[in-house]
Amino acid sequence: MDPRLERTRRSAHSAALTLLSEGGIAHLTPQNLSRASGLGRTTLYRHWPTTPHLVLDLLKTFRMPDFEMVEGDLPARLRHNIAAQHARLLDPEYSVIYLTIQTVALDAQVRAALVEINRERVESVARVLAPEYDLHGQTDAVTDLFALINGPLLQLTTFTGATSPRLMPAIVESVLAYLRANDPAE
């Protein structure tokens, strides 16, 4: 990547994260971003024509980890991956991005971009579940599982900024219950 473009992205991303942390999406205006980043508004508009474009670019850069296959039975694999997702959400930069993306996700173009950005992540969930449940090609089911996992994690991070020893087992159980109730093999 062109070093100037990379500097521009870093400056805009850093300023955007600061603005989002301070005042949410309402604070992420072109004027505030220009002032905080030291970049001209023309430059900002050239790279990110709208605020959702910038938020999506942040999401591409600060992407949640894919689920990874680890040793152990399905509950152990789920616990490992849920803990990894939660750890990432405890990082203030990731947390602010994932909370912000929800505010712009009503836009159809943003939702379409989210599907593309998360395509590999969705496939990684299917791979982790595959030994017991084949969800390849069942994007709706995997999306449901993301909601079961990340919804409570986002809420926990938003309201407490901490972990909950009671929540993690409950999330694993809800995922397992969903899989049992919606097993296509049965």
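Small disclaimer: the values here were computed from a predicted structure and weren't measured. (Residues numbered from 1 in each chain as written. Predicted model: local features only at pLDDT ≥ 70, side-chain atom pairs only at ≥ 80, totals over all residues. Heavy atoms only, no water.)

Enquirer: Help me understand the overall build of the protein, please; the structure alone is not making it clear to me.
Expert: The helix and strand inventory of the protein stands at ten helices and zero strands. Helices and strands appear in the protein in the N-to-C order α-α-α-α-α-α-α-α-α-α. With the C-alpha coordinates aligned to their principal axes, the bounding extent of the protein is approximately 60 × 35 × 30 Å. When the 186 residues of the protein are sorted by exposure, 41% land in the buried category. Sequence separation of at least 24 residues holds for 66% of the intrachain contacts in the protein that already meet a minimum separation of 6. (Helix = DSSP H or I, 4+ residues; strand = E, 2+ residues; numbered from the N terminus. Buried < 20%, exposed > 50% of the residue type's maximum accessible area, 1.4 Å probe, protein only. Contact = heavy atoms within 4.5 Å.)

Enquirer: Is there a simple way to explain the pattern of salt bridges in this structure?
Expert: Pairing is possible between side chains that carry opposite charge, provided their charged atoms lie close to one another. Evaluation of the coordinates by the stated rule reveals seven salt bridges. Linking Asp-2 and Arg-4 is a salt bridge whose minimum nitrogen-to-oxygen distance equals 3.3 Å. Of the residues examined, Asp-2 reaches a relative accessible area of 34% and is grouped as partly exposed. On the basis of relative accessibility, which here comes to 57%, the residue Arg-4 falls in the exposed class. Residue Asp-66 is joined to Arg-63 by a salt bridge in which the shortest nitrogen-to-oxygen separation is 2.6 Å. By relative accessible area, which is 27% here, Asp-66 ends up partly exposed. (Salt bridge = Lys/Arg side-chain N within 4 Å of Asp/Glu carboxyl O.)

Enquirer: For this particular structure, what's the right way to read the nonpolar core?
Expert: Buried together is how nonpolar side chains tend to be arranged in soluble globular proteins. Counting 53 residues, the largest nonpolar core has Tyr-98 and Ile-101 as the members making the most contacts within it. The set of elements that each furnish at least two residues to this core consists of helix H1 (3–23), helix H4 (51–61), helix H5 (74–90), helix H6 (92–104), helix H7 (108–117), helix H8 (119–129), helix H9 (139–159) and helix H10 (167–181). Not counting residues within four places of it along the chain, the set of residues in contact with Ile-101 comprises Val-55, Leu-56, Leu-59, Val-110 and Leu-114. (Core = buried A, V, L, I, M, F, W, Y, C linked by side-chain atoms within 4.5 Å.)

Enquirer: Is there a simple way to explain H1 in this structure?
Expert: An α-helix turns once every 3.6 residues. As a result, residues three or four positions apart point the same way. A rise of 1.5 Å per residue sets the reference length of H1, with its 21 residues, at 30 Å; its end C-alpha atoms lie 30 Å apart and thus fit the reference within 8%. Each element contacted by the buried residues of H1 is listed here: helix H2 (30–37), helix H3 (41–47), H4 and H6. Of the residues that open H1, the one with a side-chain oxygen 3.0 Å from the backbone nitrogen of Arg-4 is Asp-2. Of the residues one or two after H1, Gly-24 is the one with positive phi, at around 70°. (Expected span 1.5 Å × (residues − 1). Polar contact = N/O pair within 3.5 Å; in protein donor to acceptor, adjacent residues only side chain to side chain.)

Enquirer: So what exactly am I meant to see when it comes to the packing of aromatic side chains here?
Expert: The geometry of an aromatic ring pair is captured by two quantities: the separation of the ring centres and the angle between the planes. One pass over the full model with this rule turns up two aromatic pairs. Between Phe-62 and Tyr-94, the aromatic rings sit 5.5 Å apart at their centres with planes inclined by 80°, giving edge-to-face as the arrangement. Linking Phe-62 in the loop between H4 and H5 with Tyr-94 in helix H6, this pair joins segments that are 32 residues apart in sequence. The ring of Tyr-94 has Arg-88 lying over it, and the distance from NZ or CZ to the ring centre is 4.7 Å. (Phe/Tyr/Trp six-rings, centres within 6.5 Å; stacked < 30°, edge-to-face > 60°. Lys NZ or Arg CZ within 6 Å of the ring centre and 35° of its normal.)

Enquirer: Just to check I follow, could you spell out the packing of H4 against H6 for this structure?
Expert: Relative placement of two packed helices is described by the angle separating their axes and the distance separating the axes. In contact at an axis separation of 10 Å, H4 and H6 are set at 140° when each is read in the N-to-C sense. Seen from above, H4 lies across H6 with left-handed handedness. Residue-level inspection shows Pro-52, Val-55, Leu-56, Leu-58 and Leu-59 of H4 in contact with H6, the latter providing Ile-97, Tyr-98, Thr-100, Ile-101 and Val-104. Its residues placed into classes, the contact of H4 with H6 shows nine nonpolar, one polar and no charged. (Axes fitted to C-alpha atoms, helices over the stretch in contact; angles between N-to-C directions. Left-handed = near helix turned anticlockwise from the far one by under 90°. Nonpolar A, V, L, I, M, F, W, Y, C, P; charged D, E, K, R; others polar.)

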